Amino acid sequence: MEVPLLLVDGHNLVYRAVYGFPAQIRSRDKKRDLTGVFGFFALLGVAIRDEVSGLCEVVVVFDGENGSAARKQTDQGYKANRPVDDQALEPIRALPDIKRGLDAYGIGWIEIDDAEADDVIATLVHATSGRQRLIMSMDKDFYQLLDIPGVRILNTAMRPGHRLIGPDQVRQRHRVDPSQWPCFRALCGDPSDNIPGVSGIGEKTAAALLAGGLRVQDLPSSGRLTGAKGRRVLYQLPQVLAWRDMIAVRTDVPLPPVVVGTPSPTLPKPAEVVDKLGLW
């Protein structure tokens, strides 16, 4: 039986390392901020040690430089709210050293120039049926994959005992099925991707509209679009359908053979990774 596959949302993890790590890590001369590199390997190592039982295969997936271009053609506002000042680019500057560190210790990684990590991970999930697959990310858009047998989300930013997320947790917390996630988010919005949703439609109303397994396209004939909120949904339906398609992950990204089916080498302590890269 193949070992579990841990698919790591690389950009998500490095942003968490830079902005959420408990202490800043600097070079010995105090001139360089190493928090991104140190924190990335610290958080990844702890996740593997504490949350994954036994050996696993690790593949880190990064967003391509032009990965969001196709979605921006649909909506120029997609991710347009994300800052691009010097401080906001700190995680990006850490990426070359992170990739060198992954190579140095034999950890697989992949970056497709015109694909977002969400789509690459979704494609890998569909290409590895029969295996246990963990998606390490705080991005809730991966919830739409949780109806697939053997798939779970690992969010180590949550408190212990609640870090593994499956379909039951999505239903309990949001009152929709994982497969309804793109419709749900299209209605109530996703601030992280600058998708506003329909004005006045929050999570509770969106879940009520979709109750019983309905999709956005089912709503006009459902009898549920009543009152002012219903009229707003109906008026914005073409835009809501476009948002739904933007949120839905692709599962057909052409990929090189990055998954090998064998356990990844054990990562050392993050200080050793930084030392090996000559960054101290």
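For the structure itself, consult the block above.
This is a predicted model, so every value here is computed, not measured.

What's the story with the side chain of Lys99 in this structure? I'm lost.
Mapped onto the elements of the fold, Lys99 is located in helix H4 (residues 90–104). We classify Lys99 as buried; its relative accessible area is 15%. A distance of 2.5 Å separates a polar atom in the side chain of Lys99 from a polar atom in the side chain of Glu111. When sequence neighbours within four positions are dropped, the list of residues in contact with Lys99 reads Phe62, Trp109 and Glu111.

Please explain unusual backbone geometry as it appears in this structure.
Glycine aside, the phi torsion of most residues is negative, and most peptide linkages are trans. A positive phi angle is found at Lys30, which is not glycine, with a value near 65°. Among the secondary structure elements, Lys30 is positioned in the loop between helix H1 (10–20) and helix H2 (35–51). Non-glycine residue Asn194 carries a positive phi angle of around 65°. By the element assignment, Asn194 lies in the loop between helix H7 (181–188) and helix H8 (203–210).

So what exactly am I meant to see when it comes to the nonpolar core here?
If you look at the biggest cluster of nonpolar residues, it comprises 50 residues, and the most contacted ones within it are Val61, Val120, Ile135, Leu145, Phe184, Leu187 and Val233. Residue assignment for this core shows that the elements contributing at least two residues are strand E1 (5–9), strand E2 (57–62), helix H5 (117–127), strand E5 (151–154), H7, H8 and helix H10 (237–247).

Whenever I open this one, the state of the cysteines confuses me. Can you help?
Cysteine pairs can be linked by a disulfide, which is a covalent bond between their two sulfur atoms. On inspection of all chains with the given rule, the structure shows zero disulfides. With no disulfide partner, Cys183 has as its closest neighbouring cysteine sulfur the one in Cys188, 11 Å distant. With relative accessibility at 3%, the residue Cys183 sits in the buried group.

In this structure, what is going on with the sheet that holds E2? I would like to understand it.
What holds strands together in a sheet is hydrogen bonding between their backbones, with the strands either parallel or antiparallel. Ordered in space as E3-E2-E1-E4-E5-E6, the six strands form an open sheet in which the pairing is mixed. Both edges of this open sheet fall to strand E3 (108–111) and strand E6 (164–165), since each of them pairs with a single strand only. As paired strands, E1 and strand E4 (residues 133–136) are joined by four bridges and run parallel to one another. Pairing of Leu7 across the sheet is with Ile135, part of E4.

Looking at this model, I keep getting lost on the packing of aromatic side chains. Mind explaining?
Scanning all chains against the criterion turns up seven aromatic pairs. Taking the centre distance of 5.9 Å and the plane angle of 70° together, the rings of Phe21 and Phe38 count as edge-to-face. A residue pair is termed long-range when its members are at least 10 positions apart, and Phe21 in the loop between H1 and H2 and Phe38 in helix H2 qualify at 17 residues. Residue class for Phe38 comes out buried when judged on its relative accessible area of 15%. Pairwise contacts between aromatic rings join Phe21, Phe38 and Trp280 into one cluster. When the ring centre of Phe62 is taken as origin, the NZ or CZ atom of Lys99, which lies over that ring, is 5.2 Å away. Just above the ring of Tyr105 sits the side chain of Lys276; from NZ or CZ to the centre is 5.6 Å.

Just checking my understanding: could you explain H5 for this structure?
Since the α-helix packs 3.6 residues into each turn, any two residues three or four apart lie on the same face. When you tally the buried positions in H5, you get nine out of eleven residues, the bulk of the element. Taken together, the buried positions of H5 are Ala117, Asp118, Asp119, Val120, Ile121, Ala122, Thr123, Leu124 and Val125. Packed against the buried residues of H5 are E1, E2, helix H3 (69–74), E3, E4 and E5.

I'm lost on the packing of H7 against H8 in this one. Help?
Geometry of a packed helix pair, given as the angle between the helix axes and the separation of the axes. Close contact between H7 and H8 brings their axes to 9 Å; oriented N to C, the two are set at 135°. Here H8 runs oblique to H7, going by the angle between their axes. When the axes of H7 and H8 are compared, the crossing they make is right-handed. Contacts between H7 and H8 pair Cys183, Phe184, Arg185, Leu187 and Cys188 from the former with Glu203, Ala206, Ala207, Leu209 and Leu210 from the latter. Looking at side-chain class alone, the contact of H7 with H8 contains eight nonpolar, no polar and two charged residues.

The rules behind the values
Residues numbered from 1 in each chain as written. Predicted model: local features only at pLDDT ≥ 70, side-chain atom pairs only at ≥ 80, totals over all residues. Heavy atoms only, no water. Helix = DSSP H or I, 4+ residues; strand = E, 2+ residues; numbered from the N terminus. Buried < 20%, exposed > 50% of the residue type's maximum accessible area, 1.4 Å probe, protein only. Polar contact = N/O pair within 3.5 Å; in protein donor to acceptor, adjacent residues only side chain to side chain. Contact = heavy atoms within 4.5 Å. Core = buried A, V, L, I, M, F, W, Y, C linked by side-chain atoms within 4.5 Å. Disulfide = S-S within 2.5 Å. Pairing = 2+ DSSP bridges. Phe/Tyr/Trp six-rings, centres within 6.5 Å; stacked < 30°, edge-to-face > 60°. Lys NZ or Arg CZ within 6 Å of the ring centre and 35° of its normal. Axes fitted to C-alpha atoms, helices over the stretch in contact; angles between N-to-C directions. Parallel < 35°, antiparallel > 145°, perpendicular 65-115°, else oblique. Left-handed = near helix turned anticlockwise from the far one by under 90°. Nonpolar A, V, L, I, M, F, W, Y, C, P; charged D, E, K, R; others polar.

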